[in-house]
Amino acid sequence: MTIRTEQFRALADAQTRLFRQRLCAHLRAEIGGEIAEQQLIRCIAAAEGFGLRSARDVAQFAEITWRHAGCYPDHSFPRPALAILMAHGLDPARKLARYAAWAESLTMADTSHA
């Protein structure tokens, strides 16, 4: 059995759409609010650019980002976040743990000023 390139792309596209749908449902359940599809698409692409390629890592990146910012930012990430996310040689689990700690530190600073 031979799978043509077009068939392979169609299967990959279907898997990608299904992943986006599951991730969107997860974010709504965990965080609430509306999740814009275009933001989610950009978030997934950014995660891959940061070396986060597994579905689990991408989902964790999206959840941290939405919890911290309320959406995927329209602008660049803050420098400290980029330093963490772009760190070469850092495995995804440690990268995400550091990103989560950074985001949490901002949340803690915001609540201490309230």
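Residues numbered from 1 in each chain as written. Predicted model: local features only at pLDDT ≥ 70, side-chain atom pairs only at ≥ 80, totals over all residues. Heavy atoms only, no water.

Draft legend 1. Representation of the overall build of the protein in the model. Of the regular secondary structure elements, the protein holds 5 helices and 0 strands. Along the protein, helices (α) and strands (β) appear in the sequence α-α-α-α-α when read from the amino end. By its C-alpha atoms, the protein is 60 × 35 × 20 Å across when sized along the principal axes. Placing the 14 positive and 12 negative side-chain charges of the protein at their respective mean positions leaves the two points 5 Å apart. (Helix = DSSP H or I, 4+ residues; strand = E, 2+ residues; numbered from the N terminus. Lys, Arg positive; Asp, Glu negative; His and termini not counted. Charge placed at Lys NZ, Arg CZ, Asp CG, Glu CD.)

Draft legend 2. Region of the structure containing the nonpolar core. Counting 27 residues, the largest nonpolar core has L23, L40, F61, W66, F77 and Y99 as the members making the most contacts within it. Of all the elements in the fold, those that place two or more residues in this core are α1 (5-31), α2 (37-49), α3 (55-69), α4 (79-85) and α5 (92-112). With 6 residues, the single largest contributor to this core is α3. The residues touching L23, leaving out its near neighbours within four places in the chain, are L40, I44, A59 and A62. (Core = buried A, V, L, I, M, F, W, Y, C linked by side-chain atoms within 4.5 Å. Buried < 20%, exposed > 50% of the residue type's maximum accessible area, 1.4 Å probe, protein only. Contact = heavy atoms within 4.5 Å.)

Draft legend 3. Representation of the layout of surface pockets in the model. Each pocket or cavity is described by its volume, and for the largest pocket that value is around 160 Å³. T16, F19, I44, E48, R53, S54, A55 and V58 together form the lining of the largest pocket. Mapped by element, the contributors of at least two residues to the lining of the largest pocket are α1, α2 and α3. (1 Å grid on protein atoms, 1.4 Å probe; cavity = no way out; pocket = protein on both sides within 12 Å on 5 of 7 lines; lining within 4 Å. Points joined across faces, edges and corners; volume = space filled by probe spheres on them.)

Draft legend 4. Seen up close, the environment of G70. On the secondary structure map, G70 appears in the loop between α3 and α4. Its relative accessible area of 48% is what places G70 among the partly exposed residues. Sequence spacing of G70 and I44 is 26 residues, and the spatial spacing of their C-alpha atoms is 16 Å.

Draft legend 5. Quick peek at the environment of A55. Inspection of the secondary structure puts A55 in helix α3. Assessed through its relative accessible area of 40%, A55 is described here as partly exposed. Along the sequence, A55 and S105 sit 50 residues apart, while their C-alpha atoms lie 25 Å from each other.

Draft legend 6. Expanded view of the confidence of the model for the protein. Confidence in the prediction of the protein, expressed as mean pLDDT, is 87, and 92% of residues score 70 or more. Within the protein, no element has a lower average pLDDT than α5, which sits at 85, and none a higher one than α4, at 94. (pLDDT = per-residue confidence, 0-100.)

Draft legend 7. Seen up close, the environment of K95. Turning to its location among the elements, K95 is positioned in helix α5. With a relative accessible area of 6%, K95 lands in the buried category. Ignoring sequence-local partners within four residues, the contact set of K95 consists of F50, L52, I84, L85, A87 and L90. Reaching out from K95, the side chain makes a polar contact with the backbone oxygen of L85 at a distance of 3.0 Å. (Polar contact = N/O pair within 3.5 Å; in protein donor to acceptor, adjacent residues only side chain to side chain.)

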